[in-house]
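Inside the fold
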Amino acid sequence: MYQLGGTDACSKRRTFSFTSELANGEVKTHQKRAHLVVASAIELDRGLYEIYKDPAETDEEAEMRKEAAALLLHEAEEKLEEGFQELEYKSEKQRKTQMADAMQEIRRFAVCDAKRPHKWDIISPDKRDVDLGDGIIVKDVEPSFIDVSAAPVDELHEPVAECTIEAAILKASKPRLTQEGALDSLELYALMKYLETRVTPGHKVWLKASYYYLRKANDSRGSKPNFDEEFFNTVGGRNIVTIEELYTSPAKGEEVEETDLDKIFSEKVKAYADGLPEEECTEEDCSRCELYDICKWVDPPAAIKKVPVVRTVSALHFTKAQLDVVNYKHGVLRCTAGPGSGKTLTVAIRTVTLLNSGVKPDEILCITFTNAGAEEMKDRIQMYNEDFGSGEDLSEMKVLTFNSFGDLVLGHEYAQLGFSAKPKVIDDIERSAIIAKLLASHDIDGLDYRNFTTNMKNCKGALALAKDVFEIVKTGELGVSYGVTDAEKVYDRLGGNKRFVGGVDTVRKLIELYDLYDEKLRDDNLIEYADQEVLLFEILRKDPTYLNCFNIKHVIVDEAQDSSQGQIELVKYLTTSPVFESLMVVGDDSQSIYGFRNTSPEYLIDLQKYLGGAKIDDIPLIENFRSQANIVEFSNKLNEKNTYRIAKELIATRPAGDPVHVTGYFTKEEEQADVVRIVKEHLEKGIEEKDIAIIAYTKYELMEMADLLGKEKINTVLLNPELLIENSRVRAAIALVNAIENEKDSKNLLTYVNARMGGKIFEADNEETRSLYKEISEELAVARALSGDEKKDMVLDLMEVIDDVEDEVYESFIETMKTKRSFAKIREYCQDFYEYGSQAAYRRLHDYPGVVLTTAHSSKGLEWPVVINMISKYDSSEMATYNRSAV
């Protein structure tokens, strides 16, 4: 019956020779829960039926039955609780909440079913093989129950059949099949054919095959609860799906006639027997298939090998403004650098100029916004230093992000902060696991433990809310933690998420829990990414002169429009050093787009105020060397609309080209079709795919464009961060760890075998696959027998073996595995990955072939010859809040 549900219809799955190895996969908690709930519902239903099947003759008898039913319900609840104790949950509160939900659903069904007035009898079902035709034999069909009730009547109140027989399968979920889709369900048809085998020859009966879903579509709990106490009331959410037919069982010796349902399902049975082509399988069916990780193997795109262009300083030409920046030696300089103005070049040359004047590398601190930006800056400085500077290795020069500068300080001062060794930065998966354990041991009223790990716009579980509160507590307004007395302030900062907590008291308890979380991190020498800045300020509050020990004379802050108040405060500390000589703050207030990270261009715009009134020298870089004049002029007109900005107008150095085209559309479909047309026109003119970029506000818009362009045989590459959980090699690495942990887990072992074959298991010879399967099984047996560093090293080697195509995303996952202290920690991380890592992502840094699809945020600082900007979603309250001065 399960195979009829969709996955087994796939022709590709049927040709797979190793289906027996798939049978040993782990049974998930939700699957165990479903089996338990259904079994409990059936048992209670039958018990209540025995109590209520005959009408009570006296009030005393009715009272006795009521007491018996109450006792039965109590016993059922106790038995259900015993079953739930065997299930794995993140907290006892989550266990109790979900058990209470299940009992409420079970009680509703059983009580309502027992009191149905038309019920005659319940027949105990048995297992029977059912022939659907076309060679399809369904083994061991067994409904949850069979209900025999009064016969339906016609308009003259005459019986049209001897009785109605209904076979039903109980489901513990909300409806996954609509009544409209019932006539496409081979499972319900098989249930109907099962019933036909139970009808006495020569009898005329009304047959019904049904799914009973214990949860109704309109059931809801939480902030807006709704629970219809009447199970058989289908208004607002149909939870019973049925196919039915008036059926006459042929007498002995009579030929079996084809029924109306047989005619409806004959083509569907034939299609199932023939097998469904892979391309016709639904996404839902594929996601439920045991072969998913093997069948849906995806190789990463092949990176474009770029040859770096090295230009000597003699080949460079500088504007007067650039030269003024390069030669700036003393004071505070604000360099407002427009897009395409040679900012990175100018900063790099200025740094080398300082080195040539006698400044030592360790006396210069360059701070930028991202790790990638810091690496690019360091490479450029090194290149120009080799060209016209001293030529010495500058690998130890401090070119850092604000966070990595904080980490540098922590490397020296961790002891005074309560750590016994330099702390390790944890990622969101590890953070989630630690917080989940604290919530499990501290039930906090006012949080949604039912949907513990859910983190959606309209539903945030206990874990998501705790993480939000912890982040507010940690970062505060100036990197200073709030105290318990500031619960109302933290509550206010939750904004729209307030509706997911019980109130200020809930927040107060979470703040108290944060202290335990912080203590746990320090005991285990762990920190969050944000702690690198937070702990730095903790040191500076104790000793405001601490940074003097670094002997930093010259500070360069890049991407200053994306600074936070805490970061600008750090810059102010650096300027108070007795050896301080210069501060250069570089940025463009019109390119500030990271407001959602608590940054703001106001620190660049009002720099003098935030540096305590220091004298500011201004040198704007406004010559644009990147874009044609028409584009620059268009940008200037847009930028004039900003009311809070540093006044400037870009000057184009390239001649005018094609005009900027702005087109409005009435529908999304019109816009998408026109974008496809524009892309095709440029490709026909000889523009390469990699030289075209489509920018949109949301990733969803880009995914839709990828589908549309794919239908036109146009390659695309998504520049946004990719989810690690969707990477085939990451999934295979986790499967490897699971297979090492459980030697009987042949399903995960087979997934890893496929990875060793480069995802080509379907194309390989069976004997080749079996040989490799045996070889890897022996390798895993060796790994199980090892301990300590040897076991960890072998597991990492087995992971690296499948990195045969230089997959950036997978390599980032391996780097994370290398930071784990032991195989036990690797195993723990992999177990938590599917629970908490659904949003873990990595952005590829290399160039790849295909039309580039990117969000506005991910496109920052990049350039392409042809850019198509889909701006429909830009006009939003969210955009206005985060980017009040940006265009």
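Quick caveat: nothing in here was measured; it's all calculated off a predicted structure. (Residues numbered from 1 in each chain as written. Predicted model: local features only at pLDDT ≥ 70, side-chain atom pairs only at ≥ 80, totals over all residues. Heavy atoms only, no water.)

**Points about the overall build of the protein chain**
Each helix and strand counted, the protein chain has 30 helices and 25 strands in total. With respect to the three principal axes, the spread of C-alpha positions in the protein chain is 110 × 65 × 60 Å. Across the protein chain, every contact between residues at least 6 apart in sequence was considered, and the portion connecting residues at least 24 apart equals 76%. Per element, the accessible surface of the protein chain, about 44100 Å² overall, is 49% carbon and sulfur. Separation of charge centres in the protein chain, based on 112 positive and 161 negative side chains, amounts to 3 Å. (Helix = DSSP H or I, 4+ residues; strand = E, 2+ residues; numbered from the N terminus. Contact = heavy atoms within 4.5 Å. Areas by Shrake-Rupley, 256 points an atom, 1.4 Å probe, with all protein chains shown as cover. Lys, Arg positive; Asp, Glu negative; His and termini not counted. Charge placed at Lys NZ, Arg CZ, Asp CG, Glu CD.)

**Considerations on helix α18 (residues 565–574)**
With 7 of 10 residues buried, α18 is to be regarded as a mostly interior element. Within α18 the residues assigned to the buried category are G566, Q567, I568, L570, V571, Y573 and L574. (Buried < 20%, exposed > 50% of the residue type's maximum accessible area, 1.4 Å probe, protein only.)

**Details of the packing of aromatic side chains**
Using the criterion set out here, one finds 24 aromatic pairs in the structure. Seen in terms of ring centroids, F109 and Y212 are 6.2 Å apart; in terms of plane orientation they differ by 85°. Their pairing is edge-to-face. Of this pair, F109 sits in helix α4 (residues 92–114) while Y212 sits in strand β6 (residues 204–213), placing them 103 residues apart in sequence. Considered together, F109 and Y212 belong to a single accessibility category, that of buried residues. Geometrically, the ring pair formed by F470 and Y517 is tilted, given 5.2 Å between the ring centres and 35° between the ring planes. With F470 in helix α14 (residues 462–475) and Y517 in helix α16 (residues 504–523), this residue pair connects regions lying 47 residues apart in the sequence. Among the residues examined, Y517 registers a relative accessible area of 0% and is labelled buried. Between the NZ or CZ atom of K12 and the centre of the ring of F762, over which it lies, the distance is 4.5 Å. (Phe/Tyr/Trp six-rings, centres within 6.5 Å; stacked < 30°, edge-to-face > 60°. Lys NZ or Arg CZ within 6 Å of the ring centre and 35° of its normal.)

**Structural notes on empty space enclosed by the protein**
Once rolled over the atoms, a probe with the size of a water molecule shows which space is left empty. Across all of its chains, the model carries 4 cavities of 30 Å³ or more by this definition. Volume-wise, the largest cavity comes out at about 110 Å³. In terms of lining residues, the largest cavity is bounded by 12 residues, among which C10, C281, C286, C289 and C295 are the most central. At the level of elements, α7 (283–288) and α8 (292–295) are the ones that each hand at least two residues to the lining of the largest cavity. In terms of residue class, the lining of the largest cavity is made up of 7 nonpolar, 2 polar and 3 charged. (1 Å grid on protein atoms, 1.4 Å probe; cavity = no way out; pocket = protein on both sides within 12 Å on 5 of 7 lines; lining within 4 Å. Points joined across faces, edges and corners; volume = space filled by probe spheres on them. Nonpolar A, V, L, I, M, F, W, Y, C, P; charged D, E, K, R; others polar.)

**What to know about the sheet that holds strand β24 (residues 851–855)**
Backbone-to-backbone hydrogen bonds join strands into a sheet, with any given pair of strands oriented parallel or antiparallel. Strand order in the open sheet formed by 4 strands is β21-β24-β20-β25, with parallel pairing between adjacent strands. Each edge of the sheet is formed by a strand with only one pairing partner; in this case those strands are β21 (716–718) and β25 (866–870). Each strand axis lies, on average, 20° off the axis of its neighbour in the sheet, ignoring direction. Across 4 bridges, the pairing between strand β20 (residues 692–696) and β24 is parallel. Paired with I694 across the strands is L853, a residue of β24. With respect to the sheet, helix α22 (residues 668–684) is in contact with β20, β24 and β25, its orientation differing from that of β25 by roughly 180°. Contacting β20, β21, β24 and β25, helix α23 (residues 699–711) crosses the sheet at an angle of about 160° to β24. (Pairing = 2+ DSSP bridges. Axes fitted to C-alpha atoms, helices over the stretch in contact; angles between N-to-C directions.)

**Section: the packing of helix α12 (residues 402–413) against helix α17 (residues 531–542)**
Where α12 meets α17, the closest approach of the two axes is 8 Å, and the angle between their N-to-C directions is 55°. Classified by the angle between their axes, α12 and α17 sit oblique to one another. α17 is crossed by α12, and the crossing has left-handed handedness. Counted together, F402, N403, S404, F405, G406, D407, V409, L410 and E413 of α12 and Q532, E533, L535, L536 and I539 of α17 form the full contact between these two elements. (Parallel < 35°, antiparallel > 145°, perpendicular 65-115°, else oblique. Left-handed = near helix turned anticlockwise from the far one by under 90°.)

**Concerning the nonpolar core**
Core analysis: the largest hydrophobic core is formed by 83 residues, its most contacted members being L439, L447, Y517, M799, F813 and F833. When neighbours within four sequence positions are excluded, M799 is seen to be in contact with A733, L736, V737, Y810, I814, M817 and I826. (Core = buried A, V, L, I, M, F, W, Y, C linked by side-chain atoms within 4.5 Å.)

**Some remarks on the sheet that holds strand β17 (residues 617–618)**
Reading across from one edge, β10-β9-β15-β16-β8-β17 is the order of the 6 strands in this open sheet, with parallel pairing throughout. In the strand order of this sheet, the two ends are held by β10 (398–401) and β17, each with one partner. Sheet topology places strand β9 (residues 364–368) next to strand β15 (residues 554–557); 4 bridges connect them, and they run parallel. Within β15, the position partnered with C366 by the bridge is I556. Contacting β9, β10 and β15, α12 runs over the sheet at an angle of about 115° to β10.

**Some remarks on helix α3 (residues 59–84)**
Spanning 26 residues, α3 covers 37 Å between terminal C-alpha atoms, matching the ideal 38 Å at 1.5 Å per step. Residues of α3 that are buried include every one of R65, A69, L73, A76, L80, G83 and F84, and no others. In this fold, the buried residues of α3 make contact with α2 (29–52) and α4. (Expected span 1.5 Å × (residues − 1).)

**Considering the pattern of salt bridges**
Scanning the entire structure with this criterion turns up 63 salt bridges. Notably, a salt bridge pairs K193 with E196, separated by 3.0 Å at the nearest N-O pair. Taken together, the positions of K193 and E196, both in helix α5 (residues 186–196) and 3 residues apart, correspond to about one turn of that helix. For the pair K193 and E196, a shared accessibility class is recorded, and that class is buried. Its salt-bridge partner being R431, residue D428 comes within 3.7 Å of it at the nearest N-O pair. Remark: R431 and D428 occur in helix α13 (residues 428–441); sequence separation between them is 3 residues, near one turn of the helix. (Salt bridge = Lys/Arg side-chain N within 4 Å of Asp/Glu carboxyl O.)

**With respect to the side chain of E559**
Mapped onto the fold, E559 is located in the loop between β15 and α18. In terms of polar contacts, E559 uses its side chain to reach the side chain of K860, at 2.9 Å. Setting aside its immediate chain neighbours within four residues, E559 contacts K343, T368, F369, V586 and K860. (Polar contact = N/O pair within 3.5 Å; in protein donor to acceptor, adjacent residues only side chain to side chain.)

**Details of the side chain of K792**
With respect to the element layout, K792 can be found in helix α27 (residues 788–801). Buried charge K792 goes without a salt bridge, the closest partner of opposite sign being D793 at 5.8 Å. For K792, the side chain forms a polar contact with the main-chain oxygen of K818, separated by 3.2 Å.

**Section: a nonpolar patch on the surface**
A grouping of I631, F634, L638, V660 and V662 is seen on the molecular surface, where their side chains present a nonpolar patch of about 400 Å² in accessible area. Positionally, V662 belongs in the loop between β19 (651–652) and α22. (Patch = residues over 30% accessible without salt bridge, like charges linked within 9 Å, V, L, I, M, F, W, Y side chains within 5 Å.)

**A few points about the packing of helix α24 (residues 728–741) against helix α25 (residues 746–756)**
Between α24 and α25, the least distance of the axes is 8 Å, while the angle of their chain directions is 135°. Between α24 and α25, the angle is such that the two are oblique. Handedness of the α24/α25 crossing: left-handed. Each of A732, A735, L736, N738 and A739 in α24 lies in contact with α25, whose residues at this interface are N748, L749, T751, Y752 and A755. Considered class by class, the residues forming the contact of α24 with α25 number 7 nonpolar, 3 polar and no charged.

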